[in-house]
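# Descriptive structure summary
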Amino acid sequence: MTSPKMPEPHADVLKHRAQIVGDLRDIVPGEGVVDATNEMRAFETDGLTAYRQLPLVVVLPQTVQEVSRILKYCHKNNIRVVPRGSGTSLSGGALPLEDAVLLVMSRFNKVLDIDYPNRVAVVQPGVTNLGVTDAVASQGFYYAPDPSSQIACSIGGNVAENAGGVHCLKYGLTTNNVLGLQMVLITGEVIRLGGRHLDSSDYDFLGLMTGSEGLLGVVTEVTVRILQKPETARAMLVGFPSNEEAGQCVADIIGAGIIPGGIEMMDRLSIKAAEDFVHAGYPLDVEALLIVELDGPEAEVDFLISRVEEIAGKNGATMSRVSTSEEERQTFWAGRKAAFPAVGRISPDYYCMDGTIPRKKLPEVLAGMRDLSEKHGLAVANVFHAGDGNLHPLILYNANNPGELEKAEDFGNDILRLCVEVGGVLTGEHGVGVEKRDLMPAMFNQNDLDQQIRIKCAFDEQHLLNPGKVFPELRRCAEMGRMHISRGKIPFPDIPRF
């Protein structure tokens, strides 16, 4: 297996590595600079472990001033920088480069302020996703986005990838729950976007930065929205004799105007793996299982449960079970949250995909994935954020068998192409990184990609921040400035130009 093609390393940077390491030690004293090969191996990959690369050097700053000085130094000396949070990215978003400083933000791990009257918390980017909820739980609050990796993934990484989770159907992704950012540009300039207010006028730079995958700046502070826990929350297990019937049930629930706190779907393979691992009480005699959570006032929850049971019955549901206590509700979710490691117990390796489709296309895509499984000769376990159409197929393979990783990647690429063909997108919450980088033309034409690169150039003209990620072809900013002139006339001549 060969790593994806990355930008050619700058020979001059590699030549002066010792000088660069010494200069960075002047900025970040003590143990904040790691340059020994064995010690850097802990940072050579992220959640996409098929690819590995040692960085030029690892730097772990502790203050905004240190981050600013590091980026200013790298900008001045034309040194590439790869920002990194907890390293849980599943798309290779934090994959190091041979000639790049790996800027690790894990020491930024403090909760700076909690403002309950305004329902916001101000945290540093190294605070874990679950750490935000833990910080406010005593007052009956929580942070809504909850990726399966929430015990480890950082808020800064969540911002970079626009992470979601099982409750994003009703409460939104990271972009819907971030109110403000402090970040440092590649020039070392420190800027603030948004704040404690709900919205701001003018350009939506906050929305632009959320999901920008470390290409535009380094986040040093995040202001997030916190919510009061609902009065009542109950989870349902609903089993079906086929994936298609379960998928249609999801579409019918949303079509009826019901917006649950979350709707998750698991197929037979993932159900059995999770049940053997967690013992959550999942039925083993169904082909597909929905976990549906309803929350709000108790009377409303009771009514919605009856409506969901009615819709499920019309779609052929063979079993339905409703949690009767908070402990049981948490147990239902424990199985889903542990689905990924559980599948790891039944296969030597698995490749976790991430694509999003229109909900009504779920039955069609599930049937398509079954055909692709036969085509590639590899099994797939399906675990979905079914309510918002975010699919996480787990392709099972054995990396010790020659060619199987390549087959798994080809299988995954076909799944993502299928997602785009039915009107979906390449990613829902994992990001593009290097994993989906070369598939971008399947979704965007050249004009689309050029416009995205122009935005990159506006913030990072030298392409020093996280190069080789997202864009299938590196384009110099000077190239993007060219303008086509036809018959001696520029387009839109009435627009003022600089």
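Placed above this text is the structure.
Attention in this report is confined to the structure presented alongside it. This structure is a prediction, so every number in the text was calculated from the model and none was measured.

The rules behind each value
Residues numbered from 1 in each chain as written. Predicted model: local features only at pLDDT ≥ 70, side-chain atom pairs only at ≥ 80, totals over all residues. Heavy atoms only, no water. Helix = DSSP H or I, 4+ residues; strand = E, 2+ residues; numbered from the N terminus. Rg over C-alpha atoms; globule rule 2.2 N^0.38 Å. Contact = heavy atoms within 4.5 Å. Areas by Shrake-Rupley, 256 points an atom, 1.4 Å probe, with all protein chains shown as cover. Lys, Arg positive; Asp, Glu negative; His and termini not counted. Charge placed at Lys NZ, Arg CZ, Asp CG, Glu CD. Buried < 20%, exposed > 50% of the residue type's maximum accessible area, 1.4 Å probe, protein only. Pairing = 2+ DSSP bridges. Disulfide = S-S within 2.5 Å. Expected span 1.5 Å × (residues − 1). Arc of directions from axis to C-beta. Axes fitted to C-alpha atoms, helices over the stretch in contact; angles between N-to-C directions. Parallel < 35°, antiparallel > 145°, perpendicular 65-115°, else oblique. Left-handed = near helix turned anticlockwise from the far one by under 90°. Nonpolar A, V, L, I, M, F, W, Y, C, P; charged D, E, K, R; others polar. Phe/Tyr/Trp six-rings, centres within 6.5 Å; stacked < 30°, edge-to-face > 60°.

### Let's talk about the overall build of the protein chain
Each helix and strand counted, the protein chain has 18 helices and 19 strands in total. In terms of overall size, the protein chain behaves like a compact globule, its C-alpha atoms giving a radius of gyration of 23 Å where 498 residues would be expected to give roughly 23 Å. Viewed in the frame of its principal axes, the protein chain has a C-alpha envelope of about 65 × 60 × 55 Å. Sequence separation of 24 or more characterises 72% of the internal contacts of the protein chain that already satisfy a separation of 6 or more. Of the roughly 21700 Å² of accessible surface on the protein chain, 50% is carried by carbon and sulfur atoms. Mean positive and mean negative side-chain charge positions of the protein chain (47 and 65 charges, respectively) differ by 5 Å.

### With respect to the pairing of strand β4 (residues 100-104)
Put simply, side chains in a regular strand alternate between the two faces of the sheet. With five of five residues buried, β4 is to be regarded as a mostly interior element. Taking every second residue as pointing to the same face, both faces of β4 are buried, with A100, L102 and V104 on one and V101 and L103 on the other. In terms of strand pairing, strand β2 (residues 57-59) meets β4 through three bridges, oriented parallel. Considered in β4, the bridge of V59 is made with L103. The pairing of strand β3 (residues 80-84) with β4 spans five bridges and is parallel. What sits directly across from P83, in β4, is L103.

### Considering the state of the cysteines
Covalent bonding between the sulfur atoms of two cysteines is what defines a disulfide. Inspection of every chain in the model, using the stated rule, returns one disulfide. Between the sulfur atoms of C457 and its disulfide partner C477 the distance amounts to 2.1 Å. On the sign convention where negative means left-handed, the S-S torsion of about -95° between C457 and C477 marks this disulfide as left-handed. Taken as a pair, C457 in helix α17 (residues 446-459) and C477 in helix α18 (residues 477-480) lie far apart in primary sequence, 20 residues in all. With respect to burial, C457 and C477 carry one shared label: buried. C419 takes part in no disulfide bond, and the closest cysteine sulfur, belonging to C352, lies 12 Å away.

### As for helix α11 (residues 298-314)
Along an α-helix, residues three or four apart share an orientation, since each turn contains 3.6 residues. The end-to-end C-alpha distance of α11 is 25 Å, a good match for the 24 Å that 17 residues give at a rise of 1.5 Å each. All of the buried residues in α11 are V301, L304, I305, V308, I311 and A312. Down the axis of α11, the sector holding all buried residues measures 130°, keeping them to one side. Set apart from the buried face of α11 by more than 90 degrees, the exposed residues are A299, F303 and K314. Elements in contact with the buried residues of α11: β12 (232-240), α9 (243-255), β14 (288-296) and β15 (319-322). After α11 finishes, the residue G316 shows a positive phi value of roughly 90°.

### Comments concerning the packing of helix α2 (residues 17-27) against helix α4 (residues 64-76)
Relative to each other, α2 and α4 sit at 155°, their axes nearing to 10 Å. As the angle between them shows, α2 and α4 are arranged roughly antiparallel. Where α2 crosses over α4, the handedness of that crossing is right-handed. Contacts between α2 and α4 involve Q19, I20, D23, L24, D26 and I27 from the first element and E66, R69, I70 and Y73 from the second. Counted by class, the contact of α2 with α4 contains five nonpolar, one polar and four charged residues.

### Some words on the packing of aromatic side chains
One pass over the structure, following the stated rule, counts four aromatic pairs. Taking the centre distance of 5.2 Å and the plane angle of 50° together, the rings of Y116 and F141 count as tilted. Remark: F141 occurs in strand β7 (residues 141-142) and Y116 occurs in the loop between β5 (111-115) and β6 (120-123); sequence separation between them is 25 residues. Relative accessible area serves as the criterion here: at 6%, F141 is assigned to the buried category. Measuring from ring centre to ring centre gives 5.9 Å for Y203 and F205, while their planes differ by 65°; the resulting arrangement is edge-to-face. Judged by its relative accessible area of 67%, Y203 is exposed. On the basis of relative accessibility, which here comes to 35%, the residue F205 falls in the partly exposed class. Grouped by ring-pair contacts, the aromatic residues Y203, F205 and F459 constitute a single cluster.

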